[in-house]
Amino acid sequence: MKTGNQSVETDFILSGLFQYGYMDAFFFVAIVILFAVALMGNIILILLIRLDTRLHTPMYFLFSQLSFLDIMNISTTVPKMTTDFLSNSKTITFLGCEIQTLVFLALGGTEALLLGFMSYDRYVAICHPLHYPIFMSKKICWFMVACAWTSGSINALVHTLYVFHLPFCRSRLINHFFCELPSLLPLVCQDTSQYEYTVLLSGLIILLLPFMAILASYACVLTVVFQMNSGKGQRRAISTCSSHLIVASLFYVTGLSTYTRPHSLHSPEEDKAVAVFYTIITPLLNPFIYSLRNKEVIGAMSRQLVECIFVHKMSP
């Protein structure tokens, strides 16, 4: 403990997503349903990719990594948030808050970079199909995933260690539903304006650069697609690209809104609403938008169901 108006290693209090007691039960049920659907969709996708050899391709390997990140991401924030809905105590320990901040930042940064690599995969597959086996070999795929995890983790570790070594004031109320970096800065008892430039730089590198890469890659993909004579192929490509861009935009735009503004311009209620998109909505939508709409995945699901039924009938 530090004396005066500063304290270290004490519990924090999370204000929660909603502050209207009579609505807690409704929001609890809604969040639990969304959480369960997101988990189910991502787990099913991972299992299908692992069990069906036809899905052992670079694209679906990256999809499985995205699903794993989404499972971890939503599990980092939602379970604590839902238990807070039903409890009178919304406290989180200093260490627990530090761990949640570290894990969430690492997963978010990794996912932001991975989505950029996934757009590169689609760019190579459509614009340079003859070189696809070379440019997207198994070794390169693992290198992409390793780069995403390493970069996201190092970025998260640096920011978390720095922020949690700053002196916090007596106020322990975090006006958020989980421990997120921008929501912690107002509790710090010293000027953080210089550090916020570091957060801004990290946000531009981790979020803006991959987002720009996605926009550029899909622009190239659509240019190639519009040169095709097949109207059906064009409509399918436009439908796929637009849905991917919508989900990616939700993730990147909301993330940039949170991590590239000084805390003096943040509104707690707005921050909580924005955070819902990259903590709950995108992990919920990703498996359905990126994979479960694909004919290959639907076919794999059908084959696994038929195989399960056949095995069940053959068993004594």
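Reading the values: the criteria
Residues numbered from 1 in each chain as written. Predicted model: local features only at pLDDT ≥ 70, side-chain atom pairs only at ≥ 80, totals over all residues. Heavy atoms only, no water. UniProt positions renumbered as here; feature names shortened; annotations may be inferred. Helix = DSSP H or I, 4+ residues; strand = E, 2+ residues; numbered from the N terminus. Disulfide = S-S within 2.5 Å. Buried < 20%, exposed > 50% of the residue type's maximum accessible area, 1.4 Å probe, protein only. Axes fitted to C-alpha atoms, helices over the stretch in contact; angles between N-to-C directions. Parallel < 35°, antiparallel > 145°, perpendicular 65-115°, else oblique. Left-handed = near helix turned anticlockwise from the far one by under 90°. Contact = heavy atoms within 4.5 Å. Core = buried A, V, L, I, M, F, W, Y, C linked by side-chain atoms within 4.5 Å. Salt bridge = Lys/Arg side-chain N within 4 Å of Asp/Glu carboxyl O. Patch = residues over 30% accessible without salt bridge, like charges linked within 9 Å, V, L, I, M, F, W, Y side chains within 5 Å. Areas by Shrake-Rupley, 256 points an atom, 1.4 Å probe, with all protein chains shown as cover. Lys, Arg positive; Asp, Glu negative; His and termini not counted. Charge placed at Lys NZ, Arg CZ, Asp CG, Glu CD. pLDDT = per-residue confidence, 0-100. Pairing = 2+ DSSP bridges.

Asker: Break down the UniProt feature "transmembrane region" (unreviewed entry) in the protein for me, with residues and values.
Answerer: Cross-referencing UniProt, the feature "transmembrane region" (unreviewed entry) maps to residues 25-48, 60-79, 99-120, 140-164, 200-225, 237-255 and 275-293 in the present numbering. Each end of residues 60-79 is marked by a C-alpha atom, and these two atoms are 28 Å apart; helix forms 100% of the span and strand 0%. Helix and strand shares over residues 99-120 are 100% and 0% respectively, and the end C-alpha atoms of the span are 32 Å apart.

Asker: Now, about the state of the cysteines: what can you tell me, with residues and values included?
Answerer: Within the structure shown, the criterion is met by two disulfides. Covalent S-S linkage joins C97 and C179, the inter-sulfur distance amounting to 2.0 Å. For the disulfide bridge between C97 and C179, the dihedral angle about the S-S bond is near -120 degrees, and by the sign convention the bridge is left-handed. Note that C97 is positioned in helix α3 (residues 94-127) and C179 in the loop between β5 (173-174) and α6 (181-184), a separation of 82 residues in sequence. Look at C97 and you get buried, because its relative accessible area is 0%.

Asker: An account of the packing of helix α2 (residues 58-86) against helix α5 (residues 138-163) is requested, with residue identities and associated values reported.
Answerer: Two numbers describe how α2 lies on α5: the axes approach to 10 Å, and their chain directions differ by 25 degrees. By the angle between their directions, the pair α2 and α5 is classed as roughly parallel. Between α2 and α5 the crossing geometry is right-handed. Between α2 and α5, the contacting residues are P58, F61, L62, Q65, F68 and L69 on the first element and C141, W142, V145 and W149 on the second.

Asker: How would you explain the environment of K138 if you had to name every residue and give the values?
Answerer: Its place among the elements puts K138 in helix α5. Sequence separation between K138 and T57 is 81 residues; the distance between their C-alpha atoms is 8.8 Å.

Asker: How would you sum up the nonpolar core? Please name residues and give values.
Answerer: The nonpolar side chains of soluble globular proteins are, as a tendency, buried together. Membership of the largest hydrophobic core comes to 85 residues, with the highest contact counts inside it found for F12, F168 and Y252. Examining the composition of this core, we find that 13 residues originate from one element, α3, more than from any other.

Asker: Explain the pattern of salt bridges to me, and be specific about the residues and the numbers.
Answerer: In the structure shown here, the tally under the stated rule is six salt bridges. In this structure, R261 engages E270 in a salt bridge whose closest nitrogen and oxygen atoms are separated by 3.4 Å. Each of R261, E270 and D271 takes part in salt bridges that share partners, so that together they form one network.

Asker: Go over a positive patch on the surface, please, and point to the residues and values.
Answerer: A contiguous patch of positive charge, built from K232, R235, R236 and K295, is present on the exposed surface. The element that contributes the greatest number of residues to the positive patch is helix α8 (residues 231-259), accounting for three residues. The topology assignment puts R235 in helix α8.

Asker: Which residues make up the confidence of the model for the protein, and what are the values?
Answerer: When pLDDT is averaged across the protein, the result is 87; 91% of the residues are at 70 or more. Confidence, expressed as mean pLDDT per element, reaches its minimum in the protein at strand β1 (residues 6-7) with 45 and its maximum at α5 with 96. Across residues 1-8 the pLDDT falls below 50, and counting only partners more than four positions away or on other chains, this stretch makes 19 contacts in the model.

Asker: Account for the sheet that holds strand β2 (residues 12-14), naming residues and giving values.
Answerer: Read from one edge of the open sheet, three strands run β3-β2-β5, paired in mixed fashion. Edge positions in the sheet fall to β3 (91-92) and β5, since each of these pairs with one other strand and no more. Two strands pair when backbone bridges link them, and β2 and β5 are joined in this way by two bridges, in the parallel orientation. Counted as the bridge partner of I13 is L173 from β5.

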